[in-house]
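Below are the chains, spelled out letter by letter.
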Amino acid sequence: MRLEVSTTAPEEVATPLMAVVVASDRSLDELDALDRVVGGVLSRAAASGDFKGRRGDRVTGYGVAGAGGPERVLFLGVGDSESLTAEDVRGVGGRAVRAAERHRVESLALGLEHLGGALDGRWVQAAAEGLVLASWRFDESRGGASGDADGDARRVANGPRSPVVESERGRPPAQAGSATPVGESAGGRDAVQVGSATLAGASGRQWEEPVRVGHAFAEAENLARTLQARPGNVATPSHLAAEALRIADAAGLECEVLGPSEMEAEGMDALLSVARGSVEEPRLIVLRHLGGENGAAPLVLVGKGLTFDAGGISLKPARGMEKMKYDMSGGAAVLGAMLAIGRLGLPVNVTGVVPSSENLPSGSATKPGDVISSRAGKSIEVINTDAEGRLILADALHYASEWKPTAIVDCATLTGACVVALGHHRSALLGNDEGLLDELRTAGDRAGEPCWPLPLDAAYRRQLRSDFADLKNVGGRPAGTITAASFLSEFVEDAPWAHLDIAGTAYGKTRKPYLRNGPAGIPCRLLLEWVRARAGA
Ligand code: BES
Ligand code: MN
Ligand code: ZN
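The following paragraphs examine the structure supplied in this document.

Time to look at the overall build of the chain. Of the regular secondary structure elements, the chain holds 16 helices and 20 strands. Whereas a compact globule of 537 residues would reach a radius of gyration of roughly 24 Å, the chain reaches 24 Å, a difference of no more than 12%. When its C-alpha atoms are laid out on the principal axes, the chain stretches across 80 × 55 × 45 Å. Put simply, the chain has 537 residues, and 59% of those count as buried. For the chain, restricting intrachain contacts to residue pairs at least 6 apart in sequence, the fraction spanning at least 24 positions comes to 78%.

Encoded structure:
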């Protein structure tokens, strides 16, 4: 989605739809000029008591055709401006885009000025994010613009379009066609793609920077969502590596990709042991942003890129297994975050690492009871081949810890136990550095991607004791999320490290106005808020 900032008064912006934020504690008199455009609809709605600017209140009026101002004005209530949060403002951006879809218009404007004193940079950034996130959709696996029945097969055969390259050309990742997008809105089968938005208001000039940041953050998360949405037969480890190269190109990053022979040379037996059951080769993707001082220790972001998790020999039940294409969500979030970090040129060194593999059963697959090695030299008894995420992360984390990073943050759809513990509203947060955990909680709150700490006492480590190896890869049913993190902690050497278990948050049903059902891109913006805070930008 293209975003513009305009200092034109909202009542004078030529747009098919002007959405205006109205707080309940602000006088409606300030909206007189806009109200006149739509013949006094707002004042009549207010007089009747229907519209008070309460959260969820809304009223639409129509301007005079050809008069040069807005064709429609949508007044969106947000409640008391004192208690407003950035997440509410993101929701406003989302509600505005959904209204544009209902009206079948491809562009809209958003008037924010009436938030008054509350309107600082964070709110403007959040509005930009809400608009861009809401405009995301995924229709690349359907017929395409021509709408013919062969489109599907042809698209899969030719491979998907690159979302990075598409947005480079100033186009959204997915184009409107005859296709039905994922999480289709009330707009119906041919809901239009809302392609551009203008943030309008007299103080617009001060909005350029937060809009630039919000736009970059949200496009990054949209890229993560597109990668998540792709089916496992398209989004393979080598596909993620190819996308990483495109990201590097688009954002000025260094990219390095390790294949099986390089992994062999590195002693990454844990990662290789997971890939052994598949004909798809594993990849370890490294993206480097050199925005900080020459040679300064980097921040490292690690994301689990398991492109399909069937469980291996410890096969998962069939029901819902299709969702395990999302087991690369952590990797997708890291790839997206690296795109925005490079594009914004954040003044800090950041390295993104994505270990990527499939986890399938076959005659060559690792079996329960097998003992494997790892880059750290620790031997691991594989009790359950479905606990594969910690194995591929172990080697990636150990590889990264050798760079003596200032901090490592990994994110992974790691345990079903996390969904039991925290459900779908918060990611789990664990690690070995209290300060880092605090920073990540703050970043999550800022991004509207909240997380919550779980303990990581040494006592839990005992559940990983093995009779045959240095440790085993599962610690039994109790505290499954914690024992998984405890396993990871064995491979980070002495780096400050934190782990986000996103099994319950990375995808699913949503009630957020700026998302659709399906991939959420979480925790891409959390990581970005954290890196930005670390960069002091
Ligand atoms: N990718 C799964 C975790 C997962 C489960 C993510 C549900 C999203 C939704 C992971 O690889 C896995 O299978 N974990 C096992 C570990 C167990 C065998 C110790 C689990 O949680 O069941
Ligand atoms: Mn698994
Ligand atoms: Zn998994």
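Here we come to the packing of helix α7 (residues 208–229) against helix α11 (residues 329–344). For any two helices packed against each other, one specifies the crossing angle of their axes together with the interaxial distance. The interhelical angle for the contact between α7 and α11, taken along N-to-C directions, is 150 degrees, at an axis separation of 8 Å. In terms of their interaxial angle, α7 and α11 are classed as roughly antiparallel. As for how α7 packs across α11, the hand of that crossing is right-handed. Along the contact surface, α7 presents R212, V213, A216, F217, E219, A220, L223, A224, L227 and Q228, while α11 presents S329, A332, A333, L335, G336, A337, L339, A340, R343 and L344.

Here we take up the pairing of strand β10 (residues 305–309). Within β10, five of the five residues are buried, which leaves it mostly tucked inside the rest of the structure. Both β10 and strand β11 (residues 349–359) contribute to a ladder of four bridges, which runs parallel. When the sheet's bridge partners are listed, L306 is paired in β11 with S357.

Take the coordination of the manganese ion (ligand 2) next. Protein coordination at the manganese ion (ligand 2): the donors are D309 (OD), D386 (O), D386 (OD) and E388 (OE), at 2.1 to 2.2 Å from the metal. Considering all six donor atoms around the manganese ion (ligand 2), the spread of angles at the metal, 70 to 168 degrees, places the coordination shape in the irregular class. Read N to C, the donor residues that coordinate the manganese ion (ligand 2) are spaced as D-x76-D-x1-E. The metal-metal distance between the manganese ion (ligand 2) and the zinc ion (ligand 3) is 3.1 Å, with D309 coordinating both. With a gap of 79 residues between them, D309 in strand β10 and E388 in the loop between β13 (380–381) and α12 (389–401) connect regions that are remote in the sequence. Each member of the pair D309 and E388 is classed as buried.

Our focus in this paragraph is the coordination of the zinc ion (ligand 3). Ideal geometry at a metal centre gives angles of 109.5 degrees when four donors are arranged tetrahedrally and 90 or 180 degrees when six donors are arranged octahedrally. On the protein side, the zinc ion (ligand 3) has K304 (NZ), D309 (OD), D327 (OD) and E388 (OE) as donor atoms, found 2.0 to 2.4 Å from it. Between the six donor atoms coordinating the zinc ion (ligand 3), the angles at the centre fall across 78 to 177 degrees, so the site counts as octahedral. Mapping the donors of the zinc ion (ligand 3) onto the primary sequence gives the spacing K-x4-D-x17-D-x60-E.

Residues in close proximity to ligand 1 total 16 residues, the closest being K316, D327, D386, E388 and G416. Between ligand 1 and D309 there is a distance of 2.9 Å, counted from an oxygen atom to a side-chain nitrogen or oxygen. Contacts to ligand 1 include K316, whose side-chain N or O atom sits 2.8 Å from an oxygen atom. Protein coverage of the free-state accessible area of ligand 1, which is 510 Å², stands at 78%. In the shell around ligand 1, the residues fall into five nonpolar, four polar and seven charged.

A few words now on helix α3 (residues 86–103). For α3, which comprises 18 residues, the first-to-last C-alpha distance of 26 Å matches the rise-based estimate of 26 Å (1.5 Å per residue) to within 8%. Most of α3 sits inside the fold, with 14 of its 18 residues counted as buried.

With 103 residues, the main nonpolar core has L131, L301 and W530 as its most contacted residues. Once you skip the residues sitting within four places of it in the chain, L131 turns out to touch M1, L3, G93, G94, A96, V97, L108, L110, A197 and L199. One finds L284, V382, L471 and F491 within the second-largest nonpolar core, a separate group that totals 42 residues.

We now examine empty space enclosed by the protein. Any space left empty among the atoms is revealed by the rolling of a water-sized probe across them. Inspection of the entire model under this criterion finds five cavities of 30 Å³ or more. Its volume calculated, the largest cavity comes out at about 80 Å³. Taken together, the residues that form the lining of the largest cavity break down as six nonpolar, six polar and no charged.

We now examine the state of the cysteines. Per the counting criterion, the structure on display carries zero disulfides. Of the cysteine sulfurs around C411, a residue in no disulfide, the closest is that of C524, at 8.9 Å.

Now for the environment of A14. Within the secondary structure, A14 is located in the loop between β1 (2–6) and β2 (18–23). Separated by 95 residues in sequence, A14 and A109 place their C-alpha atoms 8.9 Å apart. Among all residues touching A14, those that are not within four sequence positions of it are G68 and G69.

Here the focus is the pairing of strand β5 (residues 107–111). Counted residue by residue, β5 has four buried out of five residues, so it is predominantly covered. Across three bridges, the pairing between β2 and β5 is parallel. Each bridged residue has a counterpart across the sheet, and for V20 the counterpart in β5 is G111. Where β5 meets strand β6 (residues 196–200), five bridges bridge the pair, whose relative direction is parallel. For L108, the partnering residue across the bridge sits in β6 and is A197.

This part is about the sheet that holds β2. Across the sheet, which stays open at both edges, the six strands sit in the order β1-β6-β5-β2-β4-β3 with mixed pairing between neighbours. In this open sheet, the two edge strands, each paired with only one partner strand, are β1 and β3 (58–62). For this sheet, the mean inter-axis angle between neighbouring strands, taken without regard to orientation, is 20 degrees. As paired strands, β1 and β6 are joined by five bridges and run parallel to one another. Each bridged residue has a counterpart across the sheet, and for E4 the counterpart in β6 is T198. Each of β2, β3, β4 (72–79) and β5 touches α3; the most contacted strand, β4, lies at about 150 degrees to it.

On to unusual backbone geometry, then. Trans is the prevailing form of peptide bonds, just as negative phi is the prevailing case for residues other than glycine. For the bond running from I522 to P523, omega is 5 degrees, close enough to zero to count as cis. Turning to its location among the elements, P523 is positioned in the loop between β20 (518–519) and α16 (524–535). Backbone geometry at A479 places phi at a positive 55 degrees, although glycine is not the residue there. Along the chain, the position of A479 falls in the loop between β17 (471–472) and α15 (480–489).

Thresholds applied
Residues numbered from 1 in each chain as written. Chains lettered and ligands numbered in written order. Predicted model: local features only at pLDDT ≥ 70, side-chain atom pairs only at ≥ 80, totals over all residues. Heavy atoms only, no water. Helix = DSSP H or I, 4+ residues; strand = E, 2+ residues; numbered from the N terminus. Rg over C-alpha atoms; globule rule 2.2 N^0.38 Å. Buried < 20%, exposed > 50% of the residue type's maximum accessible area, 1.4 Å probe, protein only. Contact = heavy atoms within 4.5 Å. Axes fitted to C-alpha atoms, helices over the stretch in contact; angles between N-to-C directions. Parallel < 35°, antiparallel > 145°, perpendicular 65-115°, else oblique. Left-handed = near helix turned anticlockwise from the far one by under 90°. Pairing = 2+ DSSP bridges. Donors = N, O, S within 2.8 Å, 3.2 Å for Na, K, Ca; no water. Tetrahedral: all angles 85-135°; square planar, octahedral: opposite > 155°, others 65-115°. Near = heavy atom within 4 Å. Polar contact = N/O pair within 3.5 Å; in protein donor to acceptor, adjacent residues only side chain to side chain. Areas by Shrake-Rupley, 256 points an atom, 1.4 Å probe, with all protein chains shown as cover. Nonpolar A, V, L, I, M, F, W, Y, C, P; charged D, E, K, R; others polar. Expected span 1.5 Å × (residues − 1). Core = buried A, V, L, I, M, F, W, Y, C linked by side-chain atoms within 4.5 Å. 1 Å grid on protein atoms, 1.4 Å probe; cavity = no way out; pocket = protein on both sides within 12 Å on 5 of 7 lines; lining within 4 Å. Points joined across faces, edges and corners; volume = space filled by probe spheres on them. Disulfide = S-S within 2.5 Å.

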